[in-house]
Amino acid sequence: MFKGTDAFPNGVLDKTISRDGGYWNAMTYMDWTTYFSTMPADKGELILRVEADRMQNGIFASEDVDSERSVIIAEREGNENSPMFRLDEAVQAAAYQKHAYQYEVIGSMEDLERINREDLYTHYKTYYVPNNAVICVAGDFETEAMIKQIKDLFGSIPRGPELPIVEQAEPKQKEEKRLTVKGPGETPFLRASYHAPETTSEDFFILTVLDSLLTGASNLNLFGGGISNKTSLLYKELVQKEMAVSVAGGLQATIDPFLYSIVMTIHPNHQPEDLITVLDQQIESVQNKLPEKSALARAVKQARALFAYGSESITNQAFWLGFSEMFDDYDWFTSYLDQLAAVTPQDVQRIARKYLRPENRILGIYLPDGNGGAQE
Amino acid sequence: MISRKGYRPTNSVPGPEDVTRVKLDNGIVVLVRPNFNSPSVVVTGGLNVGSLQDKDETLGLSDFVASALMRGNQTKDFNQVYDKLESAGASLGFSGGTHTTGFNGKSLVEDIELLLGLLKESLFTPTFPEDQIEKLRALVLTGLAMRSQSTGEQAAMAFDNIVYHGHPYSRPDEGYPETVREFTKESMTNFHADHYGPKGMRIAIVGGIDPDEAVDIVKSFFGDWQNPSQKEVPQLPPWQPLGESKSVRKEILGKSQSDLIVGTAGPKRSSPDFLPAALGNSILGQFGMMGRVGEIVREQAGLAYYANSSLSSSIGPGPWSVSAGVNPKNEDQAVELIKKELTRFGSELVDEEELEDNQANFIGRTPLSLESNIGVAASLLHIEKHQLGLDYYIRYPERIRAITREDILIAAQKYLDPEKMVTAIAGPPLQE
């Protein structure tokens, strides 16, 4: 998609956008792909023209496909250097039997070597169509004039065929799954992933609050920063008691049910089993004892602050619009804080019992294979 | 004087009209720029303490002390510090560098006094509790173990080790496992007493707060800080240029990709060569899809996911280098392409069009880099640290437009001599 069209040949766009002081990029997530750019307010038309053009006129030249293939293989090889990527990939593969969430977004090495120009072009013609697109614009402009501009540029692009319906119902997991990944390094990691609700479920908001209590507040906005989690339950029990050197957790906003994951870096003096025991004890305590209302109020304040930080930049404001439209609609975003504020201690207890059960989880352990560090 | 009410910034870039700069009696410089569209506030700054003050045998102590500042003080223990902070959805952290120890905080506007109070307690009266030191040590040692497995970090360390041989820039700020294991409460307390103080400290506040009010709050928390024992910042020794090209390769078992760096030392931030070099660096490996290097190594040869160049903006001569992540079998080809591009860069004038494109980019992107509170705060600290003047961003377009093709070639020839390049690679063992 960055290799150009007849109207904007390869290389011309990068140069034009950079010249205007703009920035553009793209990324693929599990459920969506986004092309985003931030431009000076008086230069916005250019990027709208570009996006309208490449929604229909992508070339996908064979030589570009081959060149990009080796680039993406290099990206995957870079990812494979990370123990956490290897562990994540194994846990996701174990978590799903049918749903595409079992695959890393970048794809397997075998797929990357096999995919051909026809596969790419078919994907492009199927999904890069107006009836599957959302355009979000934020910044210093007059709304009516902007809408007119968008209509003029995109309104005449013909609808594509109806999108294929992909049945991906995932059978319910019946028993706990455990796996071990061995690889280079000196540091072991533990990832506990629980099957979680889809983002539109009311359970999602409750699990967000529960996560805040267990591992600290986290930011759903992919561009936003976070805050520390040193007063969370699991930090106190695992890191302060020197069983782990770090702990983090979080949900991801997805269309279908994905995973709630807690990731721990294991302390050199402990074994994964020690951490699993404490994790289970802490989860059991949440399941058996109602959390304080003040703890819930704190979680809501943290979410409010994270929203404020994450909404500072124009880029993030547009991102939030598009992000929420991918799995629900903009109301999801505007009502997010109210939904969190409505969560009760009883809700948290119910959701902890519903989702944080051993038979609903995948435990992945990364064990170093004993190979030491760098050598000249 | 800025009026307290009805104030709005008049420019998208900070300048003397909308930035308040006050130097307190004890030497602390306070910089404030309001952004009333924001319900939050960023508090960031730095002190003149860093790994330059570490001896070889205690390398990493400065960074370790910075990381320990929030683990307990005379007023609050670790849990109380973080309970206050996290209950407000605020954040605060310290990080050690070579010249500077930085701090970075943010909160909702309503909690700015809480944030500054915790900053004050952490800076003034840390107690470095023994149990917290051990917890921190385990964390840092784990980080160093992960560093030893990172191809990117190992390549960078090997690069610095050769380029800056015998110079403080050759040393990693975090130290080594053998030095970190030796830190004690006493060594940390002494380090803090010797080097932490108001002299050279700067603090920038950006967000939904009136500038006069922000200055008053900073004064009330930090105005009486004194440390007569605070030592002077050591002079940076001169850098000795390399006599010839050198290369090194580190092996890390089990990796899929190699990281490589080709380059040497560039100009200091305060040098008149810096902006021409920065503009040239953009042409070399940043503009569009990673400049000339990206075009050759990524787009044409398809060798790397990333291939770009960087120029460090440092008090001393920071690295100027090209980096790429490649399959081990492509290392030689990538290095050859990069060196060829570096040779071209140092022997030919850049094109007129390249110059104009990059000048437009440098000027046009400035407002975007300043769209967030943290972006503005970082830029205020940058101009203060390097004494660039409050009107730096106002004059910036004119300075960039004044750079010529010849200026860039002169900078390239002065710093990037192809016969004196360092190549550092870290990756898996090569297949026969």
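Basis of the calculations
Residues numbered from 1 in each chain as written. Chains lettered and ligands numbered in written order. Predicted model: local features only at pLDDT ≥ 70, side-chain atom pairs only at ≥ 80, totals over all residues. Helix = DSSP H or I, 4+ residues; strand = E, 2+ residues; numbered from the N terminus. Rg over C-alpha atoms; globule rule 2.2 N^0.38 Å. Buried ≥ 20, exposed ≤ 12 C-beta atoms within 10 Å, placed from the backbone. Contact = placed C-beta atoms within 7 Å. Domains from an automatic or database assignment. Nonpolar A, V, L, I, M, F, W, Y, C, P; charged D, E, K, R; others polar. Pairing = 2+ DSSP bridges. Axes fitted to C-alpha atoms, helices over the stretch in contact; angles between N-to-C directions. Core = buried A, V, L, I, M, F, W, Y, C linked by C-beta atoms within 7 Å. Expected span 1.5 Å × (residues − 1). Arc of directions from axis to C-beta.

Before we go on, may I ask you to explain the overall build of chain B in this structure?
The secondary structure content of chain B amounts to 15 helices and 11 strands. In terms of C-alpha radius of gyration, chain B reaches 23 Å, essentially the compact-globule figure of 22 Å for 432 residues. In terms of overall dimensions, chain B has C-alpha extents of about 60 × 50 × 35 Å along its principal axes. Within chain B, the fraction of its 432 residues that count as buried is 50%. The long-range share in chain B, meaning contacts at least 24 apart out of those at least 6 apart in sequence, stands at 80%.

How do you make sense of the domain arrangement of chain B when you look at a structure like this?
A common way to report how large an interface is uses the accessible area buried once the components associate. Residues and elements named next belong to chain B. Per the domain assignment, the segments of chain B are domain 1 (20-222) and domain 2 (246-427). A C-alpha centroid distance of 28 Å is found between domain 1 and domain 2. Between domain 1 and domain 2, the residue contacts involve 27 residues of the former and 31 residues of the latter. Among the secondary structure elements, those contributing two or more residues to the side of domain 1 that touches domain 2 are strand S2 (29-34), strand S3 (40-47), helix H5 (151-163) and strand S6 (202-207). Ranked by residue count, the leading element in the side of domain 1 that touches domain 2 is H5, at nine residues. Each residue belonging to the side of domain 1 that touches domain 2 can be placed in one class, and the counts come to 12 nonpolar, 12 polar and three charged.

Looking at this structure, I do not really get the sheet that holds strand S8 (residues 258-265) of chain B. What am I missing?
By definition, the strands of a sheet pair up through backbone hydrogen bonds, in either a parallel or an antiparallel sense. Residue and element names in this part refer to chain B. Taken together, the five strands give an open sheet; going across it, the order is S7-S11-S8-S10-S9, and neighbouring strands pair in mixed fashion. Each edge of the open sheet is held by one strand with a lone partner, namely strand S7 (246-251) and strand S9 (304-311). Adjacent strand axes in the sheet meet at a mean angle of 10 degrees when their direction is disregarded. Where H5 meets the sheet, its contacts fall on S7, S8, strand S10 (319-326) and strand S11 (422-427), and the angle it forms with S11 comes to roughly 150 degrees.

Just checking my understanding: could you explain the interface of chain A and chain B for this structure?
Each side of the interface is counted separately: chain A has 49 residues, and chain B has 57 residues. Within the residue set of the side of chain A that touches chain B, elements represented by two or more residues are helix H1 (12-19), helix H3 (62-80) and helix H11 (293-310) of chain A. For the side of chain A that touches chain B, the per-class residue count stands at 15 nonpolar, 19 polar and 15 charged.

Sorry, what's going on with unusual backbone geometry here?
Trans peptide bonds make up the majority, and among non-glycine residues the majority have a negative phi. One non-glycine residue, Phe128(B), lies in the positive phi region at around 45 degrees. Taking the C-beta count within 10 Å as the criterion, Phe128(B) has 23 such neighbours and is therefore assigned buried.

Explain the sheet that holds S3(B) here, please?
Residue and element names in this part refer to chain B. Overall, mixed pairing links the six strands, which are arranged S1-S2-S6-S3-S5-S4 in an open sheet. Looking at strand neighbours, the two that pair on one side only are strand S1 (20-23) and strand S4 (91-96), the edges of this open sheet. In this sheet, neighbouring strand axes are inclined to one another by 15 degrees on average, regardless of whether the strands run parallel or antiparallel. Two elements, S2 and S6, share six bridges in a ladder whose sense is parallel.

It is not clear to me how the pairing of S8(B) should be interpreted in this structure. Could you clarify?
Two faces, one strand: in a regular strand the side chains alternate between the faces of the sheet. All names here are of chain B. Within S8, eight of the eight residues are buried, leaving the element largely enclosed by the surrounding structure. Of the pairings in the sheet, the one linking S8 to S10 comprises eight bridges and is antiparallel in character. Paired with Leu260 across the bridge in S10 is Ala324. Two elements, S8 and S11, share five bridges in a ladder whose sense is antiparallel. Considered in S11, the bridge of Val262 is made with Thr423.

Which parts of the structure should I look at to understand the nonpolar core?
Residues Leu207(A), Val209(A), Leu210(A), Leu238(A), Ala244(A), Met264(A) and Ile205(B) are the most contacted members of the largest nonpolar core, which totals 115 residues. Counting residues per element, this core draws most heavily on H11(A), which supplies nine residues. Dropping the residues within four chain positions of it, Leu207(A) is found in contact with Ala196(A), Pro197(A), Leu251(A), Tyr260(A), Ile351(A) and Tyr355(A). Listed in part, the 53 residues of the second largest apolar core include Ala74(A), Val262(B), Leu284(B) and Met290(B).

How should I be thinking about H3(A) in this particular structure?
An α-helix turns once per 3.6 residues; consequently, residues spaced three or four apart project the same way. Residues and elements named next belong to chain A. In a regular helix each residue adds 1.5 Å, so 19 residues correspond to 27 Å; H3 covers 27 Å between its end C-alpha atoms and thus fits that length. Within the span of H3, buried status applies to Ser70, Ile73, Ala74, Glu77 and Gly78. Along the axis of H3, the buried residues cluster in a sector spanning 145 degrees; they form a single face.

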